[in-house]
Amino acid sequence: MNEARIDLAHAVALGSIDDEDHNALQEVLDGEDPVLRAEFMIEVQQTKEVLGTLAEATAAQPPAALRAGLLAAIAAEQPPVAS
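For every chain, the first residue of its written sequence is number 1, and the numbers climb from 1 along that sequence. Thresholds applied to this predicted model are a pLDDT of at least 70 for local features of residues and 80 or more for the giving and counting of side-chain atom pairs; totals over whole chains, interfaces and linings are not thresholded and use all residues. Heavy atoms from the whole structure form the basis of all side-chain values; hydrogens and water molecules are not counted.

Only DSSP runs of H or I reaching four residues or more are called helices, and only runs of E reaching two or more are called strands; each is numbered from the N terminus. What the chain contains, in helices and strands, is 4 helices and 0 strands. In the chain, the order of α-helices and β-strands from amino to carboxyl end is α-α-α-α. For the chain, the spread of C-alpha atoms along the principal axes amounts to about 65 × 35 × 20 Å. Think of it in three bands: with a 1.4 Å probe and only protein chains considered, a residue is buried below 20% of the maximum accessible area for its type, exposed above 50%, and partly exposed in between. Each of the 83 residues in the chain was classed as buried or not, and the buried ones make up 12%. The contacts in the chain between residues at least 6 apart in sequence include a share of 56% that link residues at least 24 apart. When the 4 basic and 15 acidic side-chain charges of the chain are each reduced to a single mean position, those positions are 9 Å apart. Here a residue-residue contact requires only that any non-hydrogen atoms of the pair lie within 4.5 Å. Charge assignment in this entry is limited to Lys and Arg as positive and Asp and Glu as negative, and neither His nor the chain termini are counted. Every charge is mapped to an atom, namely NZ of Lys, CZ of Arg, CG of Asp or CD of Glu.

Shown next, in the form of structure tokens:
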């Protein structure tokens, strides 16, 4: 698989494809080469797995002040409750 297809697989795994990428993706998926299609899907799956592992390894609790601030901002956006 060439570098452009690998980049496309990474974009698909990230969920960040644009119209041009979507067209390229359709070419891969609609192509007649089942080996290329399988390699592409394996690359997408492996990328998703690596991203999931990275997310777990770097996860951190947000500061308590951030949670309190977000909840206050959400509460401020709520319309008053009718009695």
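As a further point, take helix 3 (residues 34-58). Multiplying one less than the number of residues by 1.5 Å gives the expected span of a helix. Between the first and last C-alpha of helix 3 there are 36 Å, a value that for 25 residues agrees with the 36 Å anticipated at 1.5 Å per step. Three or more residues of helix 3 are buried, namely Phe40, Glu43, Val44 and Thr47. Buried residues in helix 3 make contact with helix 1 (3-14) and helix 2 (19-30). Here helix 3 starts with a cap whose side-chain oxygen sits 3.0 Å from the backbone nitrogen of Val35, and that cap is Asp33. Any pair of nitrogen or oxygen atoms within 3.5 Å is treated as a polar contact; in protein, a donor-acceptor pairing is required on top of that, and neighbouring residues in sequence qualify only through side-chain atoms on both sides.

The axes of two packed helices give the description: the angle between them and the distance between them. Working convention: axes come from line fits to C-alpha atoms, limited for helices to the stretch in contact. Angles between N-to-C directions cover 0 to 180 degrees. As a packed pair, helix 1 and helix 2 sit with axes 11 Å apart at the nearest point and diverge in direction by 110 degrees. Here helix 1 is positioned roughly perpendicular relative to helix 2, judged by the angle of their axes. Of the two elements, helix 1 crosses helix 2, and the hand of that crossing is left-handed. Contact residues: Arg5, Leu8, Ala11 and Val12 in helix 1; Asp21, Ala24, Leu25 and Val28 in helix 2. Tallied by class, residues from the contact of helix 1 with helix 2 come to 6 nonpolar, no polar and 2 charged. Note on terminology: angles under 35 degrees are roughly parallel, angles over 145 are roughly antiparallel, angles of 65 to 115 are roughly perpendicular, and the others are oblique. By the definition used in this description, the sense in which the near helix is turned from the far one sets the handedness, with an anticlockwise turn below a right angle giving left-handed and a clockwise turn giving right-handed. Here the term charged refers only to Asp, Glu, Lys and Arg, the term nonpolar to Ala, Val, Leu, Ile, Met, Phe, Trp, Tyr, Cys and Pro, and the term polar to all other amino acids, Gly among them.

For the rest of this paragraph, the subject is the packing of helix 1 against helix 3. Viewed as axis vectors pointing N to C, helix 1 and helix 3 meet at an angle of 50 degrees, and their least axial separation amounts to 8 Å. With respect to each other, helix 1 and helix 3 are oriented oblique. Helix 1 and helix 3 meet at a crossing whose hand is right-handed. Along its contact with helix 1, which presents Arg5, Ile6, Leu8, Ala9, His10, Val12, Ala13 and Leu14, the element helix 3 presents Leu36, Phe40, Glu43, Val44, Thr47, Lys48 and Leu51. Residue classes in the contact of helix 1 with helix 3 are distributed as 10 nonpolar, 2 polar and 3 charged.

What follows concerns the side chain of Glu43. Following the sequence through the fold, Glu43 ends up in helix 3. Although Glu43 lies buried, it forms no salt bridge, and the closest oppositely charged side chain, Arg5, sits 12 Å away as judged by the N-O distance. Residues within four places of Glu43 in sequence aside, it is in contact with Met1, Ile6, Ala9 and His10. Salt bridges are defined as contacts in which a side-chain nitrogen from Lys or Arg sits within 4 Å of a carboxyl oxygen from Asp or Glu.

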